[in-house]
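The chain contents come next:
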Amino acid sequence: DRTMPLARPTGQIPDAAWTSGFREMTEPWKGAVGCLGVAVFFAMTIGIISWQALEQSPEEWVLRGRTGGMLWERRRGALLLRVLPAGRTVAVIAVGGVPATEPPPPRDHCWHDGGQFCYTWEEDAELRLSLEPPPTPATECYGVRWTPLRPDVMLKDCFSMANISWYGGASIRAQRWPLNSAESHAQPFVSGDFSKNPVGYGPVLERYFLGSTGVTVTVAPDVPLFLSLESNRHFCLETPAGRAAVPLRYLLSSCAGTRCKHPHPTPRLSPSHRSPIWQYYGPAGSAAKIKRGLKSLAKKLKRHHLREGVLALGERCTAILAAAVRPDHVPSERRKRHDSTHAWDPSLIKPLQLSITLSPYTSIASPLFLRSLRDSEVASYWLSLQPRFGGCSVPLLTTWKGRLCARLNVTSKAALSWYLARARHLRQALGATYMVFEGAEGNAFLEQAVPPPAELAGDQYTGVLAAALATLGNATVISAGARSSHLPLFVQMSPLRSDWSHAGLKGVIPSVLHYSLLGYNFFIPDAVGGSLDSDIPGDPELYVRWLQIVTFLPVMAFSTPPWLCCDAWVLNLTRQCIQRHRDFVVPLLIKYSEEWLRLGYPIFRPAWWLSPTDPTAFTIEDEFLIGDEVLVAPITEKGQTWRDIYLPGEGHLWMDTNTAHVFDGGTILRNYSASLAEVPVFVK
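Residues numbered from 1 in each chain as written. Predicted model: local features only at pLDDT ≥ 70, side-chain atom pairs only at ≥ 80, totals over all residues. Heavy atoms only, no water.

Undergrad: Describe the overall build of the protein, and please don't skip the residues or the numbers.
TA: A tally of regular secondary structure across the protein gives 14 helices and 36 strands. Looking at the protein as a whole, 52% of its 684 residues are labelled buried. Sequence separation of at least 24 residues holds for 65% of the intrachain contacts in the protein that already meet a minimum separation of 6. As presented, the protein carries roughly 31400 Å² of accessible surface, and 56% of it is formed by carbon and sulfur atoms. (Helix = DSSP H or I, 4+ residues; strand = E, 2+ residues; numbered from the N terminus. Buried < 20%, exposed > 50% of the residue type's maximum accessible area, 1.4 Å probe, protein only. Contact = heavy atoms within 4.5 Å. Areas by Shrake-Rupley, 256 points an atom, 1.4 Å probe, with all protein chains shown as cover.)

Pasting the structure below:
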């Protein structure tokens with residue numbers, strides 16, 4: 001039997017067979033399409049990245065001014081200050097404390113204000129740039145303000161030293177000019193005493209930095225500032241972490257050339273001081289011995305035909321002599337008789353004058369301090385720690401010249417009035433012409449890791465004390481300077497080592513340029529030959545080369561008379577230098593002090609002052625100008641009788657005062673001869 005088929009063939013695939021067959025056919029194509037999609041995605045990503053790399057500039061303008069502006073550099077995460085039309089970058093500021101590699105977006109949070117740019121790094125800090133009113137038409141100023149958004153954010157801006165020399169800021173132990181070769185770890189930007197902290201900052205500083213490209217950086221006075229110096233790399237401005245939202249604020253200014261650079265207040269009056277100064281280091285056991293020692297020194301100076309100048313008493317001798325004249329512990333009914341029997345007669349040393357030395361410190365064993373304790377006036381007269389929860393104030397004790405001392409409370413009007421009255425009385429009683437005030441530098445609270453009160457933050461102690469001492473007249477000397485360059489005060493330079501290093505002789509000219517740039521043109525240099533490590537300089541050559549430099553400074557100071565250290569010819573040379581200072585240098589200082597009062601220009605100027613575009617001049621630290629017309633180029637290397645001399649000012653002519661030979665400015669004199677008895681000096 002033939003079996004009939006279940007159904008007649010129709011030529012179509014059954015449904016089940018079609019579905020499974022189509023699935024089998026399409027699986028390879030799905031994989032191919034998926035791979036293609038992934039490939040297209042990666043290609044598009046690479047293309048976008050390539051487009052960004054090729055099309056987007058690594059630098060982006062964030063704030064434009066009239067003659068320049070600020071840019072953001074993506075690669076380094078840095079702010080650039082650029083001047084136009086030359087397009088020259090005058091400052092590179094590496095940003096720290098925020099994710100610097102994250103570039104600010106094109107959008108500006110302050111877009112509605114064309115004079116500002118704002119950007120916020122979430123949970124870190126906010127940056128605000130702004131155009132500020134310029135002091136002169138040739139200058140453009142930019143305000144920079146960083147605000148931390150968390151207490152643990154440490155703000156830090158580092159200014160590159162690549163292809164730029166920096167000046168100003170803080171004095172250091174071995175002073176350099178420029179600052180590029182200096183090294184210092186991050187520490188509070190507060191004046192200090194090198195004898196207490198040799199690696200700290202010195203007694204004269206200002207929140208002002210000048211770059212050889214014509215840019216200046218001025219930090220706001222109320223910012224709690226740390227400064228670090230990394231040799232030949234950068235210097236960094238920092239704010240300490242842990243403070244609640246304390247901003248870092250500074251002003252950037254740029255102008256054509258480095259001469260547009262002095263925002264210091266105009267001085268009220270130039271101080272005055274006779275020269276030379278002869279420091280007294282004779283017997284000091286009693287007032288009688290000091291009087292005999294002063295009289296003996298005066299006779300020796302007269303015998304060696306050195307009749308002019310000032311005899312300077314140190315703090316200890318001043319205290320002994322003052323106690324004999326009018327001691328604090330003598331009852332008032334006995335003072336008249338005491339004064340008459342122990343009177344000091346200034347005529348004993350005439351025509352020499354007397355200088356006395358005081359400080360704002362008193363020993364805790366002194367009758368003065370003990371009386372304030374007895375009368376419960378410690379907090380009124382001496383810096384004290386205030387208790388948190390009531391109770392008595394505790395005096396803030398510190399060390400001064402090896403003794404445990406209290407320090408004058410300059411925030412108390414009563415204490416300042418008493419201190420100034422006491423100084424005036426001692427000046428009158430001792431017949432002193434000049435008064436030197438040591439110990440003005442430093443913050444006693446920070447030295448002991450104690451937060452200072454707001455009125456004594458930073459260097460405000462130095463500023464307040466300097467302002468008070470200025471009322472004593474322009475024959476007053478202070479040991480520190482911070483925001484006080486406008487006051488009619490002499491500033492005593494730090495002691496230097498009796499050697500040829502930058503902590504000794506080589507540091508004299510960099511210190512002179514540093515002080516003068518910051519506005520402290522009237523200073524008293526350290527004694528000839530240096531005053532550290534040796535009571536009597538053992539190197540006559542060092543003594544002579546040092547003498548040749550200070551001849552051209554405001555005051556000549558001696559701790560060792562020339563007849564004690566050197567041969568007779570050095571004594572004769574000393575007489576010649578003193579006469580040259582009186583007849584040649586002093587008239588120059590008077591002339592250029594008038595210019596300083598009028599324009600704010602420094603009296604002692606670096607070589608680049610006359611050659612502001614010559615890179616060779618930016619690093620010269622062994623020459624200086626007095627005004628624009630005298631160049632001093634002394635020998636600072638042991639054993640040398642020649643040196644290279646850079647004559648600044650292309651187009652000017654310079655005449656050697658020793659030989660009358662004339663040379664062109666903008667040139668270098670190679671191996672120029674200078675015997676031990678000579679110092680190269682050129683007049684324009």
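Undergrad: Pulling in residues and values, what's your account of the pattern of salt bridges?
TA: Going through the model one piece at a time under the given rule, you end up with 25 salt bridges. Across the pair K591 and E629 runs a salt bridge, and its minimum N-O distance is 2.6 Å. With K591 in helix α13 (residues 568–599) and E629 in the loop between β30 (624–626) and β31 (630–632), this pair connects stretches of sequence that are 38 residues apart. We classify K591 as partly exposed; its relative accessible area is 45%. (Salt bridge = Lys/Arg side-chain N within 4 Å of Asp/Glu carboxyl O.)

Undergrad: Describe empty space enclosed by the protein, naming the residues involved and giving the relevant values.
TA: For the structure shown, the criterion picks out four cavities of 30 Å³ or more. Empty space within the largest cavity amounts to approximately 140 Å³. Considering the residues around the largest cavity, the lining is formed by 17 residues, among which I172, S494, L496, S511 and Y515 are closest to the centre. Of the residues assigned to the lining of the largest cavity, the class counts are nine nonpolar, six polar and two charged. (1 Å grid on protein atoms, 1.4 Å probe; cavity = no way out; pocket = protein on both sides within 12 Å on 5 of 7 lines; lining within 4 Å. Points joined across faces, edges and corners; volume = space filled by probe spheres on them. Nonpolar A, V, L, I, M, F, W, Y, C, P; charged D, E, K, R; others polar.)

Undergrad: Break down the sheet that holds strand β34 (residues 662–664) for me, with residues and values.
TA: With antiparallel pairing, six strands are arranged side by side in an open sheet as β29-β30-β31-β36-β33-β34. Whereas interior strands pair on both sides, the edge strands pair on one side only; in this sheet they are β29 (604–605) and β34. Where strand β33 (residues 653–656) lies against strand β36 (residues 681–683), two bridges are found, and the strand directions are antiparallel. Within β36, the residue paired with D656 across the bridge is F682. (Pairing = 2+ DSSP bridges.)

Undergrad: Describe the environment of R292, naming the residues involved and giving the relevant values.
TA: Relative to the elements of secondary structure, R292 occurs in helix α2 (residues 287–303). On the basis of relative accessibility, which here comes to 55%, the residue R292 falls in the exposed class. C-alpha of R292 to C-alpha of L348: the two residues are 56 residues apart in sequence and 9.6 Å apart in space.

Undergrad: Any chance you could break down the sheet that holds strand β19 (residues 361–363) for me, citing the residues and the numbers?
TA: Reading across from one edge, β19-β23-β22 is the order of the three strands in this open sheet, with antiparallel pairing throughout. Of all the strands in the sheet, just β19 and β22 (397–400) have a single pairing partner and so form its edges. Direction aside, neighbouring strands of the sheet carry axes that sit 55 degrees apart on average. Sheet topology places β19 next to strand β23 (residues 403–407); three bridges connect them, and they run antiparallel. Following the sheet pairing, S363 is matched in β23 by C405. (Axes fitted to C-alpha atoms, helices over the stretch in contact; angles between N-to-C directions.)

Undergrad: Please give an account of the side chain of T147 that cites residues and values.
TA: Its location among the elements puts T147 in strand β7 (residues 139–148). Residue T147 is classed as buried on the basis of its relative accessible area, which comes to 17%. With sequence-adjacent residues up to four places away left out, T147 is seen in contact with D124, A125, E126, L155 and P247.

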